[in-house]
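Tertiary structure, described
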Protein chains: 2
Amino acid sequence: MKRQTAQRRAIVQVFKQQDRLLAISEILDYGSRIVPSLNQATVYRNLKQLLEAGWLKQINYPSLGTRYERAHKIHHHHFHCKACNRVMDLPGCALKQEQIVPDGFVVQSHDVFLSGLCDRCAGR
Amino acid sequence: MKRQTAQRRAIVQVFKQQDRLLAISEILDYGSRIVPSLNQATVYRNLKQLLEAGWLKQINYPSLGTRYERAHKIHHHHFHCKACNRVMDLPGCALKQEQIVPDGFVVQSHDVFLSGLCDRCAGR
DNA sequence: GTCGTTGCAAAGCCTTTGCAGGGAA
DNA sequence: TTCCCTGCAAAGGCTTTGCAACGAC
């Protein structure tokens, strides 16, 4: 059976507070402010557990590496601003997959990553 | 100045022969058949060089890891079959990015990854 | 003869694992 | 009291780097 620990609660709290795509280093940083002894290995183990529980989603972001976000969000894509280096959610889905998937193929999931300049950075 | 070496020619040849998304281990394997002494570090160094030269493109495939393909191909997406584990090209672009990108944002590039079952695997 | 390139080994990241002690239930 | 969880350190993958020898030009 799963046990409630201060460490796991801290990690969960970080996701609730930040509500965005987080890098492991960020989770460790923010989590350490809540539970100072928080260890890297503990973070990895808990992320794995939260993934398996379906509470988190892991995203292998091109050129940024591994990121995590809460799984309860509705389907959306991400935009990476190369200038300010932020990643933001883009609500909705812009993929018309039936246009390019050959007959007989079954699409189970898809990932879309956009990058460029956000409004703030492009405006200057 | 760049020099022609047997090792670099071998790596280039592998990409021309295979003409598909390759993992580093595959590049090393196939390349070693051409130049048996071919070393891992040499592969990494040459891939980096070919990337900078714009001859190759690096792709961080979700859940598959780093892959490389030739850069001269026209824009396309990839489909990963979870049953046979192959990755295939899907010609064309199915993304209607203007549908979800807010005003003021400038999209410079995008990556789309589809996964599911290919026709062969879905047919059974 | 230069100096870019290679093979080898070591070092660097990021992530996982073994282990003994600690703490939730 | 049980046994899941944690911290620490070591070990594993993958990728990069230092260095001396090699070889393209």
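For the structure itself, consult the block above.
First, a word on scope: everything that follows refers to the structure included in this document. All values reported here derive from a predicted model rather than from experimental measurement. (Residues numbered from 1 in each chain as written. Chains lettered and ligands numbered in written order. Predicted model: local features only at pLDDT ≥ 70, side-chain atom pairs only at ≥ 80, totals over all residues. Heavy atoms only, no water.)

**Digging into the packing of helix 2 (residues 24–34) of chain B against helix 3 (residues 40–52) of chain B**
All names here are of chain B. Rules: Axis lines are fitted through C-alpha atoms, for helices just across the contact stretch, and the angle between N-to-C directions can take any value from 0 to 180 degrees. Think of it this way: any DSSP run of H or I at least four residues long counts as a helix, any run of E at least two long counts as a strand, and we number them from the N terminus. Here roughly perpendicular refers to angles of 65 to 115 degrees, roughly parallel to angles under 35, roughly antiparallel to angles over 145, and oblique to all remaining angles. By the definition used in this description, the sense in which the near helix is turned from the far one sets the handedness, with an anticlockwise turn below a right angle giving left-handed and a clockwise turn giving right-handed. Every residue pair with non-hydrogen atoms within 4.5 Å of one another is taken to be in contact. Charged means Asp, Glu, Lys or Arg here, nonpolar means Ala, Val, Leu, Ile, Met, Phe, Trp, Tyr, Cys or Pro, and polar covers whatever is left, Gly included.
Between helix 2 and helix 3, the least distance of the axes is 10 Å, while the angle of their chain directions is 115°. With respect to each other, helix 2 and helix 3 are oriented roughly perpendicular. Crossing handedness for the pair helix 2 and helix 3: right-handed. Here helix 2 contributes Ile 24, Ile 27 and Leu 28 to the contact with helix 3, which in turn contributes Gln 40, Val 43, Tyr 44 and Leu 47. In terms of residue class, the contact of helix 2 with helix 3 is built from six nonpolar, one polar and no charged.

**Considering the relation of the copies chain B and chain A**
For clarity, the threshold we go by: A least-squares superposition brings the copies together, and it is based on the C-alpha atoms of residues with pLDDT no lower than 70 in both.
Here chain B sits on chain A after a turn of 180° about the axis and a move of 0.0 Å along it, with an RMSD of 0.1 Å. Both chain copies can therefore be described as sitting about a two-fold axis. Same-surface contact between copies: 100% of interface residues of chain B are shared with the interface of chain A.

**Overview of the environment of Gly116(B)**
The residue Gly116(B) is located in strand 6 (residues 106–117) in this model. C-alpha of Gly116(B) to C-alpha of Ile59(B): the two residues are 57 residues apart in sequence and 19 Å apart in space. Every residue in contact with Gly116(B), bar those within four places of it in the chain, is listed here: Val106(A), Gln108(A), Phe79(B), His80(B), Cys81(B), Lys82(B) and Ala83(B).

**A closer look at the protein's contact with DNA strand D**
Convention followed: Summary of the distance rule: residues count as near a molecule or strand when at least one heavy atom falls within 4 Å of that molecule or strand. Two N or O atoms count as a polar contact when they lie within 3.5 Å, although within protein this holds only if one can serve as hydrogen donor and the other as acceptor, and sequence-adjacent residues are included solely when both atoms are side-chain atoms.
Near DNA strand D you find 22 residues, and of these Thr5(A), Ser37(A), Thr42(A), Arg3(B) and Tyr44(B) are the closest. Within 4 Å of the protein, the contacting atoms of DNA strand D are 65% sugar and phosphate, with bases supplying the remainder. Within the backbone of Gln4(B), a nitrogen or oxygen atom sits 3.4 Å from a phosphate oxygen of DNA strand D. If you list the elements that add at least two residues to the surface near DNA strand D, you get helix 1 (6–18) and helix 3 (40–52) of chain A together with helix 3 of chain B. No other element matches the five residues that helix 3 of chain A contributes to the surface near DNA strand D. Split by residue class, the surface near DNA strand D holds six nonpolar, 10 polar and six charged.

**Here we look at the protein's contact with DNA strand C**
The immediate surroundings of DNA strand C are formed by 22 residues, with Arg3(A), Tyr44(A), Thr5(B), Ser37(B) and Thr42(B) found nearest. When atoms of DNA strand C within 4 Å of the protein are sorted by moiety, sugar and phosphate together comprise 63%. Thr5(B) is positioned such that a nitrogen or oxygen atom in its side chain is 2.8 Å from a phosphate oxygen of DNA strand C. Here a phosphate oxygen of DNA strand C sits 2.7 Å away from a polar atom, N or O, in the side chain of Ser37(B). At the level of elements, helix 3 of chain A together with helix 1 (6–18) and helix 3 of chain B are the ones that each hand at least two residues to the surface near DNA strand C. Among the elements that take part in the surface near DNA strand C, helix 3 of chain B stands out by supplying five residues, more than any other.

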